[in-house]
Amino acid sequence: MSERVFGVTPPISSALPTDEEKRANNALFRELRAQGTFESPVETQKRETVLKSLEKITDEFVKRAAMEKEPKNTFLIRGAHGRVFTYGSYRLGVFGPGSDMDTLVVAPKYVTVKQYFDIFPDLLVEMAPPGAITDLHSVPDAFVPIIKFEYSGISIDLIFCSIQTLRQLPDEKDWNLQDNNLLRGLTENEVRSLNGTRVTDEILNLVPEPATFKLAIRAIKLWAQRKAVYANVLGYPGGVAWAMMVARVCQLYPKATSALIVNKFFNIMLKWPWPLPVLLKDIEYGSSVTRVAVWNPKIYPSDRNHKMPIITPSYPSMCATHNVGRSSMTAIQQELEVGTKVTDEIMLGRRPWKDLFTKHSFFTTGFKFYLTVISSSRNKEAQTKWSSFVESRVRMLVAKLDLHPSIALARPFNKGFDRVHRCKGDADIEETQGGSLAHHVRPEVIAAEEKAKAEKDEAEADAKPETEDEMKMEVKNENGPPPAKTENADDTADAAPEAPKGENGETNAKPEDIPEHNPDAEVEIYTTNHYIGLQLVEKARSLDLSREVNDFKAMCISNDIYKNELMCLTIQHLRNYELPNDVFEPGEVKPPRPIKKKRLAEEEPGKPAKRQQTATAAG
């Protein structure tokens, strides 16, 4: 009986591992342990407990939705239940300490997205242990609607999909989502929600040795994170895309160790003839279960524009790297070239594995010039929405910079820097919105204040029952039997005036309802900075980015999410020695200010003209 062939081509080599490759593999495992990529059994058990709780909450959610939909249908209510599936790193089995858990709630056809957002968040707080749910916020307007929260310190991203072909979900424990018919009647964002789990399961089904794949992808994920080329939203491959690249190499070397897979990954992906797509199986065309488009560059011009296509194996196949642009692809290839040299020497026994996982030099020696995109808001909730939106658009600014004739490379850093500032007066606020850190409050100060507040609240909560008992006893002793209770009298006697309410009873947050501003009061301003490193073409003497900056700002502030009275967007030009201290980690050296005469500095080839620096900052 012939062995199963994985992938769209035969393997390059099916040779068994040598003793040297086995030793390199053992060394890789030890290094990944030392790097802290594996979670402790206690923390893993905690995740499993949280998942079981989410399953119970999901069942109750579906029952309540059924009661709301058809309150007299006892058969429907009695059989109502939902399912919770994971996807991403947890489902792949490559999660580490502090990893998010990507989860999906699946419900029968009668449960709506509106019910999900109306019922599920309150039910989470109601059914979870007291205080277990924190940082809970819903994002119903996202392309894939999501509820984000922390459950016992574990960060959860929870998406939702109702199966339009099922009035009741199957009871079988091993029921899965691989049947394409489950996609019938779903919108594109619902298909994307369901495909997170479907793609993850298919990847594991398409690799020859799952254990080999899992250790190799742990190494590649750690490398990509350390080199700052891991973030789908900012134009780099995300976790699933990196996993598919590693899976393809596993198909080409089905008997290899994880160490050899890592080495071959760098050699193969460095020389990959893009835009030839990375495929784990042939693309399935012609199915009629959904109208969602299958990736096809022969038909769709947008698909032909993908520079580094990595295609999901589950129907309908999509490009997981459509966000990758010219500069981010160049950055990836630069890092792949270095990784190839390092792993070649590791496999020859000349270097240790830790050399592969050294940190990026984005801020230390990477660039002379930077743009920083600063989103800011006057409250934390507004900043969460605004900064997430701006982050999702940074790659569009990078795409415009890629077209500028004076820019050779515009590389975005793969995460933003969140900061809190305390300002007094409009002048302080304006300074902060413009990029000043004069009023920045260090994270450890905020953490200490929050800890002190929590301890104070806990102490007051412990004392409150005793105080109430004493007050009741005092009233009874002095006045005899207590008077008849007036409804809500105790609750409202000392209550602060309520904020104005909207038509549906919600707190109205319109500017005219906000109390008059006190110029002496301290105001917290929340900012998020995204940095873009700029490499100029040779002999560039000036850099005018006013059009690119103004177009980007206009695009962002024209969106409905933008609220002028709460939010601000600034784009600032920085030299490397002007970078703030908190972007550097302990042991890193901040670039020094060059010692030059002013005239020589202004005439230095490649330096943006002073006039354009001002225009960029003002833009």
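- The protein chain is annotated in an unreviewed UniProt entry as Poly(A) polymerase of Lasiosphaeris hirsuta.
- The heading Sequence similarities (unreviewed entry) in the UniProt record of the protein chain holds the text "Belongs to the poly(A) polymerase family."

Re the pairing of strand β8 (residues 417-424)
Link 1 in the chain: In the sheet, β8 pairs with strand β10 (residues 522-536) via eight bridges, with the strands oriented antiparallel. The residue of β10 that forms the bridge with D418 is T528.

Let's talk about helix α2 (residues 41-69)
Link 1 in the chain: Taking 1.5 Å of rise per residue, the 29 residues of α2 would be expected to cover 42 Å, and the 42 Å separating its terminal C-alpha atoms lies within 8% of that figure.
Link 2 in the chain: All of the buried residues along α2 are T44, R47, V50, L51, S53, L54, I57, T58, F61, V62, A65 and A66.

A word on the UniProt feature "binding site: Mg(2+) 2" (unreviewed entry) in the protein chain
Link 1 in the chain: As recorded in UniProt, the sites labelled "binding site: Mg(2+) 2" (unreviewed entry) are D100, D102 and D157. Spanning 58 residues, the annotated positions come together in the fold, the maximum distance between their C-alpha atoms being 7.3 Å.
Link 2 in the chain: Its location among the elements puts D100 in the loop between α4 (88-92) and β2 (101-107).
Link 3 in the chain: A distance of 3.3 Å separates a polar atom in the side chain of D100 from a polar atom in the side chain of S155.

Let's talk about the packing of aromatic side chains
Link 1 in the chain: Taken as a whole and judged by the stated rule, the model has 29 aromatic pairs.
Link 2 in the chain: The structure contains a cluster of three or more aromatic residues connected by ring pairs, namely F362, F363, F367, Y370, F413, F417, Y531 and F584.
Link 3 in the chain: Of note, R33 hangs over the ring of F38, and the distance from its end group to the ring centre comes to 4.3 Å.
Link 4 in the chain: Above the face of the F417 ring, K415 is positioned so that its terminal group lies 4.1 Å from the ring centre.

A look at the sheet that holds strand β5 (residues 154-162)
Link 1 in the chain: Spatially, the five strands line up as an open sheet ordered β1-β2-β5-β4-β3, and their pairing is mixed. Both outer strands of the open sheet, β1 (83-87) and β3 (133-139), are each paired with one neighbouring strand and no more. When strand polarity is set aside, the average angle formed by the axes of neighbouring strands in this sheet is 25°.
Link 2 in the chain: Relative to β5, β2 runs parallel, the two being bridged by seven bridges. Residue pairing in the sheet places A107 in a bridge with S162 of β5.
Link 3 in the chain: Running over the sheet, helix α5 (residues 113-127) touches β2, β3, β4 (146-151) and β5 and is turned about 170° from β3.

Description of the pattern of salt bridges
Link 1 in the chain: Applying the stated rule across the entire model yields 19 salt bridges.
Link 2 in the chain: Ionic pairing is found between D157 and K148, a salt bridge with its closest N-O pair at 3.4 Å.
Link 3 in the chain: Take D157: its relative accessible area is 12%, and that puts it in the buried class.
Link 4 in the chain: K148 sits in the partly exposed class, given a relative accessible area of 29%.

Side note on the side chain of N576
Link 1 in the chain: Within the element layout of this structure, N576 appears in the loop between β11 (567-575) and α17 (598-602).
Link 2 in the chain: If we ignore the near neighbours within four places in the chain, the residues touching N576 are F367, K368, Y370 and P591.

With respect to helix α1 (residues 19-34)
Link 1 in the chain: Here α1 contains 16 residues, and its C-alpha end-to-end distance of 23 Å stays within 8% of the 22 Å for a straight helix at 1.5 Å per residue.
Link 2 in the chain: Those residues of α1 that sit buried are E21, A24, N25, L28, E31 and L32. Buried residues in α1, looked at end-on, bunch into an arc of 125°, giving them a common side. Opposite the buried face of α1, at more than 90 degrees from it, the exposed residues are R23, R30 and A34.
Link 3 in the chain: Positive backbone phi, at 75°, marks G36, one or two positions downstream of α1.

Remarks on the packing of helix α9 (residues 258-270) against helix α11 (residues 326-347)
Link 1 in the chain: α11 packs onto α9 with a crossing angle of 140° between their chain directions and a minimal axis gap of 8 Å. When the axes of α9 and α11 are compared, the pair comes out oblique. α11 is crossed by α9, and the crossing has left-handed handedness. Packed against α9, whose contacting residues are A259, L260, V262, N263, F265, F266, N267, M269 and L270, the element α11 presents Q333, L336, E337, G339, T340, T343, D344 and M347 at the interface.
Link 2 in the chain: For the contact of α9 with α11, the residue count by class is nine nonpolar, six polar and two charged.

Thoughts on unusual backbone geometry
Link 1 in the chain: Looking along the chain, the bond that leaves W274 and enters P275 is cis, with omega of 10°.
Link 2 in the chain: Residue Y315 is joined to P316 through a cis peptide bond whose omega torsion reads -10°.
Link 3 in the chain: With respect to the helices and strands, the residue P316 is situated in the loop between α10 (301-304) and α11.
Link 4 in the chain: Backbone geometry places A228, a non-glycine residue, at a positive phi of 60°.

A word on the nonpolar core
Link 1 in the chain: Counting residues in hydrophobic clusters, the biggest one holds 87 residues, and the most contacted among them are W223, W242 and F265.
Link 2 in the chain: No other element matches the ten residues that helix α8 (residues 239-252) contributes to this core.
Link 3 in the chain: Look past the residues within four positions of W223 in its chain and what remains in contact with it is V229, W242, F265, F266, E335, L336, L356 and F357.
Link 4 in the chain: Core analysis: the next-biggest nonpolar cluster, separate from the first, contains 35 residues, A65, A80, Y90 and V105 among them.

Things to note about the environment of F357
Link 1 in the chain: Considering the arrangement of structural elements, one finds F357 in the loop between α11 and β6 (369-377).
Link 2 in the chain: Since its relative accessible area comes to 2%, F357 is described here as buried.
Link 3 in the chain: Once the C-alpha coordinates of F357 and E31 are considered, the two residues, 326 residues apart in sequence, prove to be 9.6 Å apart.
Link 4 in the chain: Apart from residues lying up to four places away in sequence, F357 is in contact with L28, E31, L32, Q35, A219, L222, W223 and R226.

Conventions we followed
- Residues numbered from 1 in each chain as written.
- Predicted model: local features only at pLDDT ≥ 70, side-chain atom pairs only at ≥ 80, totals over all residues.
- Heavy atoms only, no water.
- UniProt positions renumbered as here; feature names shortened; annotations may be inferred.
- Pairing = 2+ DSSP bridges.
- Helix = DSSP H or I, 4+ residues; strand = E, 2+ residues; numbered from the N terminus.
- Expected span 1.5 Å × (residues − 1).
- Buried < 20%, exposed > 50% of the residue type's maximum accessible area, 1.4 Å probe, protein only.
- Polar contact = N/O pair within 3.5 Å; in protein donor to acceptor, adjacent residues only side chain to side chain.
- Phe/Tyr/Trp six-rings, centres within 6.5 Å; stacked < 30°, edge-to-face > 60°.
- Lys NZ or Arg CZ within 6 Å of the ring centre and 35° of its normal.
- Axes fitted to C-alpha atoms, helices over the stretch in contact; angles between N-to-C directions.
- Contact = heavy atoms within 4.5 Å.
- Salt bridge = Lys/Arg side-chain N within 4 Å of Asp/Glu carboxyl O.
- Arc of directions from axis to C-beta.
- Parallel < 35°, antiparallel > 145°, perpendicular 65-115°, else oblique.
- Left-handed = near helix turned anticlockwise from the far one by under 90°.
- Nonpolar A, V, L, I, M, F, W, Y, C, P; charged D, E, K, R; others polar.
- Core = buried A, V, L, I, M, F, W, Y, C linked by side-chain atoms within 4.5 Å.

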